[in-house]
Amino acid sequence: MRKIQFAAMMALAATTLSACATKGFVRKGLEEQRVALDTERTARESGDAALRTDVNGLRTDLNALRNDLGTLRNEFGARITAMEDQVKFAMPVHFGFDDAAVRQQDEAALAKFAQVAGSHYKGATITIEGFADPAGSQEYNLRLSRERADAVRDFLVSKGLDGALLRTVGYGKTRLVRPGAKAGDEGAELNRRVTFVVETPAGINAATVAAMSNN
């Protein structure tokens, strides 16, 4: 009889210990799950905070670009055109007849362009296009227009732009703003000019379009 009672007590004890072990395992599993959920929530909150920071940063950059493009257009009279993977800046920078020197009155506009390019188009290749009025031979005007582009490049480098990213090309008396106007003719100065073509990645180009459309 005692053997039977002892066996029953041992069975009960075993069952109790097993139940305790099972409860302990469940508690451990629940704790691990809670820790995992807390870790996931923390990571998600950190990700959300980082995303908000990125969005705010992009908004700040876009506003800065919008303001700078507005200054070029409103204060310096630049005409800005966004094309596929390019932004063209037609700056009111002109030259004296038979002269390739950057005029003092144009330095502020060029300095502002250098600041905009350095701030918003880092790493982009910029082509400086030089032009001439129709006075003189085609060969001479091609050379003169290239010298004008080179002079502007040198000025932009002095303002901090990377010369390795600045290309120059002379188009001579092609693409005239005022056809036939030359030397001292009215409007001839408009033919003696430079324009800038900025090669932009798609994202930067989209930002330019957004800035211009909300300017």
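Values in this document were obtained by computation on a predicted structure and should not be read as measured data.

Looking now at the overall build of the chain. Within the chain, the regular secondary structure consists of 5 helices and 5 strands. The N-to-C order of helical and strand elements in the chain reads α-β-β-α-β-α-β-α-β-α. Here the chain holds 215 residues, and 32% of them are scored as buried. Partitioning the intrachain contacts of the chain with sequence separation of at least 6 by distance along the chain shows that 75% fall at a separation of at least 24. Accessible surface, the chain as shown: approximately 12800 Å² in total, 55% of it carbon and sulfur.

Here we come to the nonpolar core. Core analysis: the biggest nonpolar cluster contains 31 residues, and Leu 69, Phe 89, Met 91, Phe 113, Tyr 121, Leu 156 and Phe 196 have the highest contact counts within it. Contributing elements (two or more residues each) for this core: helix H1 (2-74), strand E2 (86-94), helix H2 (107-120), strand E3 (126-130), helix H3 (138-158), strand E5 (193-199) and helix H5 (202-213). At 6 residues, the largest contribution of residues to this core is made by H2.

A word on the pattern of salt bridges. Evaluated as defined, the whole model comprises 8 salt bridges. Between Asp 150 and Arg 153 there is a salt bridge whose closest N-O contact spans 3.8 Å. Note that Asp 150 and Arg 153 are positioned in helix H3 at a spacing of 3 residues, about one turn of the helix. A single salt-bridge network, built from bridges that share partners, covers Arg 146, Asp 150, Arg 153 and Asp 154.

Here we take up H2. For the α-helix, the turn length of 3.6 residues means that residues three or four positions removed from each other point alike. Compared with an ideal rise of 1.5 Å per residue, which puts 14 residues at 20 Å, H2 spans 20 Å between its outermost C-alpha atoms and is within 8% of the ideal. If you check which residues of H2 are buried, you get Ala 109, Leu 110, Lys 112, Phe 113, Ala 114, Val 116, Ala 117 and His 120.

Here 5 strands make up an open sheet; going across it, the order is E1-E2-E5-E3-E4 and the pairing mixed. Looking along the sheet, the strands with just one partner apiece sit at the ends: strand E1 (79-83) and strand E4 (166-170). Strand-to-strand twist of the sheet, defined as the mean angle between neighbouring strand axes without regard to direction, takes the value 20°. Against the sheet, H2 makes contact with E2, E3 and E5, and its axis sits at roughly 160° relative to E2, the strand it touches most. Lying over the sheet, H3 contacts E3, E4 and E5, oriented at roughly 160° with respect to E4.

It is worth spelling out the pairing of E4 at this point. Only one face of E4 is covered, namely the one carrying Leu 166, Thr 168 and Gly 170; the face carrying Arg 167 and Val 169 has none of its residues buried. With 5 bridges connecting them, E3 and E4 associate as parallel partners. Within E4, the position partnered with Ile 126 by the bridge is Leu 166. In this region the chain leaves E3, passes through H3 and returns to the parallel neighbour E4; the handedness of that crossover is right-handed.

Another aspect to go through is the pairing of E1. With 5 bridges joining them, E1 and E2 adopt antiparallel strand pairing. For Thr 81, the partnering residue across the bridge sits in E2 and is Lys 88. The antiparallel hairpin formed by E1 and E2 contains 2 residues in its connecting segment, where Asp 85 sits at a positive phi of about 60°.

Once that is clear, we can look at the environment of Arg 79. Relative to the elements of secondary structure, Arg 79 occurs in strand E1. Classification of Arg 79 by relative accessible area gives exposed; the value is 56%. Remark: the alpha-carbon pair of Arg 79 and Met 91, spanning 12 residues in sequence, is separated by 6.6 Å. Apart from the residues within four sequence positions on either side, Arg 79 is in contact with Lys 88, Phe 89 and Ala 90.

What follows deals with H5. The terminal C-alpha atoms of H5 lie 16 Å apart, and with 12 residues this matches the ideal 16 Å at 1.5 Å per residue to within 8%. All buried positions along H5 are accounted for by Asn 205, Thr 208, Ala 211 and Met 212. All buried residues of H5 fall inside an arc of 120° around its axis, so they share one side. Turned more than 90 degrees away from the buried face of H5 sit Ala 202, Gly 203 and Ser 213, all of them exposed.

A few words now on the packing of aromatic side chains. Within this structure, the stated rule accounts for 4 aromatic pairs. The interplanar angle of 75° and the centroid separation of 6.2 Å between the aromatic rings of Phe 89 and Tyr 121 together place this pair among those described as edge-to-face. A residue pair is termed long-range when its members are at least 10 positions apart, and Phe 89 in strand E2 and Tyr 121 in the loop between H2 and E3 qualify at 32 residues. By the burial criterion, Phe 89 is buried, and Tyr 121 matches it. Each ring, one from Phe 113 and one from Phe 196, has its centre 4.1 Å from the other, and the planes form 10°; the classification is stacked. Of this pair, Phe 113 sits in helix H2 while Phe 196 sits in strand E5; the two residues are 83 residues apart in sequence, bridging distant segments of the chain. Judged on exposure class, the residue Phe 113 and its partner Phe 196 are both buried. Aromatic rings pair up to connect Phe 89, Phe 113, Tyr 121 and Phe 196 into one cluster. Cation over ring: Arg 175 sits above Tyr 171, and NZ or CZ is 4.7 Å from the ring centre. Arg 193 extends its terminal NZ or CZ atom over the ring of Phe 131, reaching a point 3.8 Å from the ring centre.

Parameters at a glance
Residues numbered from 1 in each chain as written. Predicted model: local features only at pLDDT ≥ 70, side-chain atom pairs only at ≥ 80, totals over all residues. Heavy atoms only, no water. Helix = DSSP H or I, 4+ residues; strand = E, 2+ residues; numbered from the N terminus. Buried < 20%, exposed > 50% of the residue type's maximum accessible area, 1.4 Å probe, protein only. Contact = heavy atoms within 4.5 Å. Areas by Shrake-Rupley, 256 points an atom, 1.4 Å probe, with all protein chains shown as cover. Core = buried A, V, L, I, M, F, W, Y, C linked by side-chain atoms within 4.5 Å. Salt bridge = Lys/Arg side-chain N within 4 Å of Asp/Glu carboxyl O. Expected span 1.5 Å × (residues − 1). Pairing = 2+ DSSP bridges. Axes fitted to C-alpha atoms, helices over the stretch in contact; angles between N-to-C directions. Right-handed = clockwise from strand over helix to strand, strands pointing away. Arc of directions from axis to C-beta. Phe/Tyr/Trp six-rings, centres within 6.5 Å; stacked < 30°, edge-to-face > 60°. Lys NZ or Arg CZ within 6 Å of the ring centre and 35° of its normal.

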